[in-house]
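Residue-level listing of the chains:
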Amino acid sequence: MNTAVVYISSDSYVKQTGTSIYSLFENNRHIKRLDTYVISTGITQKNKKKLRSVAAEFQRKMEILDGQDLIAEICSRGGVKYFGSYVLWIRPMVPEVIPSFYDVLIMIDGDTLVLDEISKLINKTYHMSEEKVVLMARNSDNDRIRKKYGLRPEDISVNPGVMCINMKNWKKHRCTERLLSFMEHHDITKYKTLDEVAYSKVLKKEICAADFNEIYYPCYRDLTGRQLLFMYHLNPEHYYSIQEIENAKGHEVILHYVNLLGHPWEKGCLCPLSGLWEKYYKRAWKREINKVNPVKKGACRKVILVSYKNFRWLYVFIYRVWYGLVPYFNIDGRNDGIK
């Protein structure tokens, strides 16, 4: 089967993207062909050269595609930047952009590391039933929050930071157009997590859940399975079991550094496994990372970071209270009546 791996990156995020690509190549040497594409939204020639040197080090094929035509199309459809970027809009367009001969497409955000072989993910995606189109990680929305999405408890709500797409099924189900149509017809300024809302609602019957270790959030590493389920009010029947959560530690395939405890490239980051990211950064860029920007600390973030560092029980309790209140408010458009 033919597989493509795709990243989308601006110049300001190219160091993270290059680090992830390096980890992908280093830990998947056994895969004979692993075509990689980077869709550029303003990467400089200097940094494009550096990305190509990473691919050359592992004798891999890499193409850097100009994303300006995609941005022009997005603007013609009325699309606007979301948190300063067009990535939200570009992501669902990617399956229509890369060559059609690929069977499996894996899209990976730059804030990731690939620690193990992705062959199992490729095979699972390729052998999906015709009713399924994509494999993604479950996010931490509990049953009551999913109801606000217009989902049933057994439906999957997801984080699209890593997506494994069956290209044939994706195109058959017209997923690109359906996702873009959803975003076009909603005011994105009222959503803080529009990408999660869009994929969870639009593709709710066509998603396969990745195993907990396959797409893993390092911010959960120092929590027990029981703590994780407790703090988010999660039902293990509709999420992952305590045993699955515990067994994932040490067997992670892809790490996704979501911004819960800060990012590894920020000063003051408390996210577990940050040192691992720094190690791959040094290998990819041939120098130590210079952490210039601190973790953004509003009042709530300060409380979270202090409690996580010094009073883990309080950290768990804060999230327990917060996620108990979320279903009663119209947060991120979850209660907008969309089915």
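Just so it is clear, the structure is predicted and the values come from calculations on it, not from any experiment.

A. Up close: the overall build of the protein. For the protein, the helix and strand inventory stands at 14 helices and 10 strands. Computed over C-alpha atoms, the radius of gyration of the protein comes to 19 Å, within 12% of the 20 Å expected from 2.2 N^0.38 for 339 residues, which places it in the range of a compact globule. Along the first, second and third principal axes, the C-alpha set of the protein runs to 50 × 45 × 35 Å. Out of the 339 residues belonging to the protein, those deemed buried represent 55%. Look at the contacts in the protein between residues 6 or more apart in sequence, and 77% of them connect residues 24 or more apart. Total accessible area computed for the protein in this model is approximately 15200 Å², and 51% of it derives from carbon and sulfur atoms. Between the averaged position of the 52 positive side-chain charges in the protein and that of its 38 negative side-chain charges there is a distance of 4 Å.

B. Examining the packing of aromatic side chains more closely. Taken as a whole and judged by the stated rule, the model has 19 aromatic pairs. Summarising the aromatic geometry, the rings of Y281 and W285 are spaced 6.5 Å apart at their centres and angled 35° between planes, so their arrangement reads as tilted. One end of the pair, Y281, and the other, W285, are both in helix α12 (residues 274-285), four residues apart, so they sit about a helical turn from each other. The pair formed by Y281 and W285 is uniform in burial state, with each residue classed as buried. One Lys or Arg, K15, reaches over the ring of W285 and ends 5.3 Å from the middle of that ring. Just above the ring of Y240 sits the side chain of R138; from NZ or CZ to the centre is 5.7 Å.

What counts, and where the lines are drawn
- Residues numbered from 1 in each chain as written.
- Predicted model: local features only at pLDDT ≥ 70, side-chain atom pairs only at ≥ 80, totals over all residues.
- Heavy atoms only, no water.
- Helix = DSSP H or I, 4+ residues; strand = E, 2+ residues; numbered from the N terminus.
- Rg over C-alpha atoms; globule rule 2.2 N^0.38 Å.
- Buried < 20%, exposed > 50% of the residue type's maximum accessible area, 1.4 Å probe, protein only.
- Contact = heavy atoms within 4.5 Å.
- Areas by Shrake-Rupley, 256 points an atom, 1.4 Å probe, with all protein chains shown as cover.
- Lys, Arg positive; Asp, Glu negative; His and termini not counted.
- Charge placed at Lys NZ, Arg CZ, Asp CG, Glu CD.
- Phe/Tyr/Trp six-rings, centres within 6.5 Å; stacked < 30°, edge-to-face > 60°.
- Lys NZ or Arg CZ within 6 Å of the ring centre and 35° of its normal.

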